[in-house]
Amino acid sequence: QVQLVESGGGLVQAGGSLRLSCAASGKIFSINAMGWYRQAPGKQRELVAQITNGDNTNYADSVKDRFTISRDNAKNTVYLQMNNLKPEDTAVFYCHANIRTSWYPEQNDFWGQGTQVTVSS
């Protein structure tokens, strides 16, 4: 069906930057929206940023003015530029996409395997 593959996670010092990428592949008719969620140990998964096919974006309050989400429709890829990272950002980041996979209008949710982001103090 559809697979999402993330890359770009790693270890960075507070104040540093990382850029995450997520490429969708497989049976894709169209992509309604793509976004990033994160989950820290013992905590709930939360929405970090999302971008729609109309280029509308929304961000969690905790990352506004620090993170920027963007997309490349030709490559079915979404990016998350993360600047001024803080230790509180440490989490597994998951790519998410809402995708129409055929001529029929049903849309489905897909998730990547996650990429670890660790921010040291």
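Refer to the structure printed above.
Cut-offs and rules
Residues numbered from 1 in each chain as written. Predicted model: local features only at pLDDT ≥ 70, side-chain atom pairs only at ≥ 80, totals over all residues. Heavy atoms only, no water. Helix = DSSP H or I, 4+ residues; strand = E, 2+ residues; numbered from the N terminus. Rg over C-alpha atoms; globule rule 2.2 N^0.38 Å. Buried < 20%, exposed > 50% of the residue type's maximum accessible area, 1.4 Å probe, protein only. Contact = heavy atoms within 4.5 Å. Areas by Shrake-Rupley, 256 points an atom, 1.4 Å probe, with all protein chains shown as cover. Pairing = 2+ DSSP bridges. Axes fitted to C-alpha atoms, helices over the stretch in contact; angles between N-to-C directions. Salt bridge = Lys/Arg side-chain N within 4 Å of Asp/Glu carboxyl O.

Turning our attention to the overall build of the protein. What the protein contains, in helices and strands, is zero helices and 11 strands. Relative to the globule expectation of 14 Å for 121 residues, the C-alpha radius of gyration of the protein, 14 Å, shows essentially globular dimensions. Dimensions of the protein, computed from the C-alpha atoms along their principal axes, are close to 50 × 25 × 25 Å. Every one of the 121 residues in the protein was classed for burial, and the buried ones make up 40%. The contacts in the protein between residues at least 6 apart in sequence include a share of 54% that link residues at least 24 apart. When the accessible surface of the protein is summed, it comes to about 6,700 Å², and 44% of that surface belongs to carbon and sulfur atoms.

Attention now goes to the sheet that holds strand β8 (residues 77–82). Strand pairing in a sheet relies on backbone hydrogen bonds, with the paired strands running either antiparallel or parallel. Strands sit in the order β1-β3-β8-β7 across an open sheet of four strands; the sheet is antiparallel. At either margin of the open sheet sits one strand with a lone partner, and together these are β1 (2–7) and β7 (67–72). Across the sheet, the mean angle separating the axes of adjacent strands is 15° when strand polarity is ignored. Relative to β8, strand β3 (residues 18–26) runs antiparallel, the two being bridged by six bridges. Bridging across to β8, C22 finds its partner in V78.

Burial analysis of strand β4 (residues 30–39) places seven of its 10 residues in the buried class, which makes it a mostly covered element. In terms of strand pairing, β4 meets strand β5 (residues 46–52) through six bridges, oriented antiparallel. What sits directly across from R38, in β5, is E46. Hairpin remark: β4 followed by β5, antiparallel, with six residues in the connecting loop; positive phi at G42, about 75°.

Let us now look at the pattern of salt bridges. Pairing between side chains becomes possible if they bear opposite charge and their charged atoms approach one another. This structure, assessed with the given rule, holds five salt bridges. One salt bridge connects D55 with R71, and the closest N-O pair in it is separated by 2.9 Å. Separated by 16 residues along the polypeptide, D55 in the loop between β5 and β6 (57–59) and R71 in strand β7 bring together distant segments of the chain. Given a relative accessible area of 46%, D55 falls into the partly exposed group. In this structure, R66 and D89 form a salt bridge, with 2.8 Å as the shortest nitrogen-oxygen distance. Of this pair, R66 sits in the loop between β6 and β7 while D89 sits in the loop between β8 and β9 (91–100), and the two are 23 residues apart along the sequence. For R66, a relative accessible area of 9% puts it in the buried group. Bridged by salt links that share partners, the residues R38, E46, R66 and D89 form one connected network.

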